[in-house]
Amino acid sequence: MLKLTIKNLLDKKIRFALTSLSVVLGVTFTVAVFTMTDSLRASFDGLAQDIASGTDLTIRATQIVGDQIDRASVPAELDDLLIDIEGVNATAPEVAVFNTIITDGEDEAIIPQGPPAIGASWSPYQFFIADGRQPSRAGEFATDATTAGNNKLVIGETYSVTSPIEQREFELVGIFNFGSPDTNRSLGATMAAFELSEAQEFLGLEGVFSSIGVRLDPNADEVAVQAAIQDAIGAEFEVVTSQVIEEETTNNFGDVIDIFNNILLGFAFVIVFVSAFIINNTFQIVVAQRIRELGLLRAIGATGSQVRNSVLLEAVLVGVFSTVTGLGLGLLGGRVLRSILNVVGFSLPAGPIRLEPRTIVWAAAIGIGITVLSSIIPARRARKISPIAAIHNDQRLASASLTRRLVTGGVVTAIGATLLVLGLFVASETTRVLSAIGVGAVLVFVGVNTLSPSFARPVANLIGWPIAKLFGTSGQIAQGNAARSPRRTASTAGALMIGLALVGMAGVVGASLTETFRSTFDDSVQADYFIQSPNSFDPTAGFAQEIADEVEAIEGFESVVRYRFGLGVIQVQGVARDILSTDFDQIQRHLDGDVIAGTFENSEPASSIAIHIDPAVELGL
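Residues numbered from 1 in each chain as written. Predicted model: local features only at pLDDT ≥ 70, side-chain atom pairs only at ≥ 80, totals over all residues. Heavy atoms only, no water.

Asks: Pulling in residues and values, what's your account of a positive patch on the surface?
Replies: Residues R380, R383, K384 and R404 make up a contiguous surface patch of positive charge. Among the structural elements, R383 can be located in helix α10 (residues 357-383). On the accessibility criterion, R383 (39% relative accessible area) is partly exposed. (Patch = residues over 30% accessible without salt bridge, like charges linked within 9 Å, V, L, I, M, F, W, Y side chains within 5 Å. Areas by Shrake-Rupley, 256 points an atom, 1.4 Å probe, with all protein chains shown as cover. Salt bridge = Lys/Arg side-chain N within 4 Å of Asp/Glu carboxyl O. Lys, Arg positive; Asp, Glu negative; His and termini not counted. Charge placed at Lys NZ, Arg CZ, Asp CG, Glu CD. Helix = DSSP H or I, 4+ residues; strand = E, 2+ residues; numbered from the N terminus. Buried < 20%, exposed > 50% of the residue type's maximum accessible area, 1.4 Å probe, protein only.)

Asks: Explain helix α6 (residues 222-233) to me, and be specific about the residues and the numbers.
Replies: Counted at 1.5 Å a residue, the expected span for α6 with its 12 residues is 16 Å, and the 16 Å between its end C-alpha atoms agrees. When α6 is considered as a whole, its buried residues turn out to be V225, I229 and I233. On an axial view of α6, the arc spanned by its buried residues comes to 60°, and they lie on one face. Residues of α6 that are exposed and angled more than 90 degrees away from the buried face: V223 and D231. (Expected span 1.5 Å × (residues − 1). Arc of directions from axis to C-beta.)

Asks: Residue-level account of unusual backbone geometry, with values.
Replies: Phi angles above zero are rare outside glycine, and N99 is one such case at about 65°. With phi around 55°, K152 is a residue other than glycine that occupies positive phi space. Examined against the element boundaries, K152 turns out to sit in the loop between α4 (145-151) and β10 (158-162). Given a relative accessible area of 73%, K152 falls into the exposed group.

Asks: Explain the packing of aromatic side chains residue by residue, including any values.
Replies: Tallying each qualifying case throughout the model produces 10 aromatic pairs. In textbook terms, an aromatic cluster arises when at least three aromatic residues are bridged by ring pairs, as seen for W122, F127, F176 and F178. (Phe/Tyr/Trp six-rings, centres within 6.5 Å; stacked < 30°, edge-to-face > 60°.)

Asks: Tell me what's going on with the nonpolar core, and back it up with residues and numbers.
Replies: Judged by nonpolar contacts, the single largest core of 36 residues is most densely connected at I59, F141, F194, V214 and I229. Apart from residues lying up to four places away in sequence, F194 is in contact with A120, S121, W122, P135, E140, F141, V161, F170, A199, F202 and L203. V31, I291, L297 and A379 belong to the second largest nonpolar core, which has 20 residues in total. (Core = buried A, V, L, I, M, F, W, Y, C linked by side-chain atoms within 4.5 Å. Contact = heavy atoms within 4.5 Å.)

Asks: Kindly report on the pairing of strand β7 (residues 117-121), identifying the contributing residues and their values.
Replies: Among the 5 residues of β7, 5 are classified as buried, and the element is accordingly described as predominantly covered. Of the two faces of β7, the one holding A117, G119 and S121 and the one holding I118 and A120 are both buried throughout. Pairing of strand β4 (residues 96-98) with β7 involves 3 bridges; the strand directions are antiparallel. When the bridges of β7 are listed, A96 appears paired with A120. Examined bridge by bridge, β7 and strand β12 (residues 190-194) share 5 bridges and lie parallel to one another. Across the sheet, residue G119 finds its bridge partner in β12, namely A192. (Pairing = 2+ DSSP bridges.)

Asks: Could you give an account of the pattern of salt bridges, naming the residues involved and the relevant values?
Replies: This structure, assessed with the given rule, holds 10 salt bridges. Among the ionic pairs, D258 bridges to R41, the shortest N-O distance being 2.8 Å. Of the two residues, D258 is situated in helix α7 (residues 242-289) and R41 in helix α2 (residues 13-52); the sequence distance between them amounts to 217 residues. Exposure remark for D258: the relative accessible area of 30% places this residue in the partly exposed category. The exposure class of R41 is partly exposed, given its relative accessible area of 27%. Of the charged contacts in the structure, one is a salt bridge between E238 and R60, with a shortest N-O distance of 2.6 Å. Taken together, the positions of E238 in strand β15 (residues 237-241) and R60 in strand β1 (residues 57-61) put the pair 178 residues apart, joining distant regions of the chain. Connected through shared salt-bridge partners, E166, R168, E198 and E201 make up one network.

Asks: Tell me what's going on with the side chain of T58, and back it up with residues and numbers.
Replies: Mapped onto the elements of the fold, T58 is located in strand β1. Once residues lying within four places of it in the same chain are set aside, the contact partners of T58 are S211, I212, G213, E238, V239, V240 and I245.

Asks: How would you summarise the environment of T37 if you had to cite specific residues and measurements?
Replies: Examined against the element boundaries, T37 turns out to sit in helix α2. Among the residues examined, T37 registers a relative accessible area of 1% and is labelled buried. Between the alpha carbons of T37 and N261 there is a distance of 6.4 Å; along the sequence they are 224 residues apart. A polar contact is formed between the side chain of T37 and the backbone oxygen of V33, at a distance of 2.8 Å. Looking at T37, its side chain comes within polar contact range of the main-chain oxygen of F34, at 3.2 Å. (Polar contact = N/O pair within 3.5 Å; in protein donor to acceptor, adjacent residues only side chain to side chain.)

Asks: Which residues make up the environment of Y125, and what values do they have?
Replies: Counting through the fold element by element, Y125 comes out in the loop between β7 and β8 (127-132). Distance from Y125 to S180, taken between C-alpha atoms, is 9.3 Å for residues 55 residues apart in sequence. The contacts of Y125, once residues within four sequence positions are left out, are S53, G54, T55, A92 and R215.

Asks: Mind laying out α2, listing which residues take part and the relevant values?
Replies: A rise of 1.5 Å per residue sets the reference length of α2, with its 40 residues, at 58 Å; its end C-alpha atoms lie 56 Å apart and thus fit the reference within 8%. In α2, a bend of some 35° at L21 exceeds every other bend along the element. Phi turns positive, to about 95°, at G54, one or two residues after α2. (Bend = angle between axes of the 7 residues up to and from the residue.)

Asks: Describe a negative patch on the surface, listing the residues and the values that go with them.
Replies: The grouping of E106, D107, E108 and E169 at the surface amounts to a negative patch. Position of E106 relative to the elements: it lies in the loop between β5 (101-103) and β6 (109-110).

This is the structure in structure tokens:
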């Protein structure tokens, strides 16, 4: 039977290729997603090690709530307390802020799409000169090799750099690799590095540091030195090890990778789901076409189990071929996905494609498992073919009765519809809503597909009636063929149903999101104009205060309100105050009166500037 099955596959090469295609697509996309995200995790893990390397301990402000970008600064006086602590070899104070924009030689702002634009003091433990030298005095800066290479920045030239405070001209004196002497690992972020005191002044952190790194003596007890430093600096600040920094950085990177992973795996699930339907329909059709062949096998002595196993074996061979092909194409697809994300602006680090054992297991489960499961019902029906089928032209496959289909399909559809209602109108938590809607949609698909043969004949007669009248004999034949075999008609329509449902789902979700955002903005935003950074992916993006001052000085503006969002909070005088919604009046209350004048005293940028236009003034904007 094995030789016969292989021979049948090789004799029907086109059918074999088309049968495998849908499975190959599902395996390819799944493998591509896993290989891309696994390689990104490896690259990010290496980057996290680079970020944490160079120092043994880090002193930073204690933070109970909020995000890392909202962490307070450290007074410069703390650095003086560390030198006398036993076990401390050296300190490395540093400052770093987001939203520091470099302008290229054509006066175009270099704004990364996704990663932040970082301004920092020179770090001898993380920055390694690739060309030129490190900045050592006022008016000088260095940048990372990726930024310099992509934007043709030349050492010795003067470029404009904008911090959250002001805009200045700086001479580019050095190009550095981040994290490694040989390879730049900047994640696509633009990085501008300055001499420490220059960085403090230009970035708006005079008299303070973002954090202080500590290097220990070779034989020092890390735990004892950490405790001694903590006693010296007090509870307002904390001392963490490089392992903690590495874990936090890895987790932050992991959160970003998980977003990509979950979204892309959602698409892969849809592909696999559709593939299962297509494979099942394909094997139903293949078995129906081979009735005489299978009947002859029974007539010459093959048992029903052997016939069933030959169909299952064919499914296994299709699955193995699809899995191997999908693995190869998936490795290529991982590189393609990374390239696409880089092209659309999500700059990702370079690194080798990683094929983990888990990816191979998933590929086999999808390629072989889904194919075999989808062929079980057709294989069981093939087992029931009588030897007499070899001499009868009108022999058909035995199948479940329409009554059984009606009951089973009705129950499954009812359960799916109930879950959809619960997800849409009852559940409140996001996870429960998505789970209920997702499982409910799948069950509705399965239930409707099971029910469809019960209604195929009356629906075919109803829809086919005008076609028969319009096209005469050809229309009557078409109507008769569709109504004569309701299972075949329903099976053929099932694949089209899934495709149209997916297109409809995408259209409805897109239109719903668009309308939701439109109504939200119409109801909550009363400003006439918004000025915001073109990098909408970066929550830290914003403007220097002097730009907001210039806008506020323009005659004719009724009011100019500066505000900054940071994951659900507004920064007001350096204090994170929770807000419940994006209602503009509520924002205005947070930034009203004397608070507006004192907003962002700690050099925080305004990410957007809401402008009300004075109706009595014609601005011509």
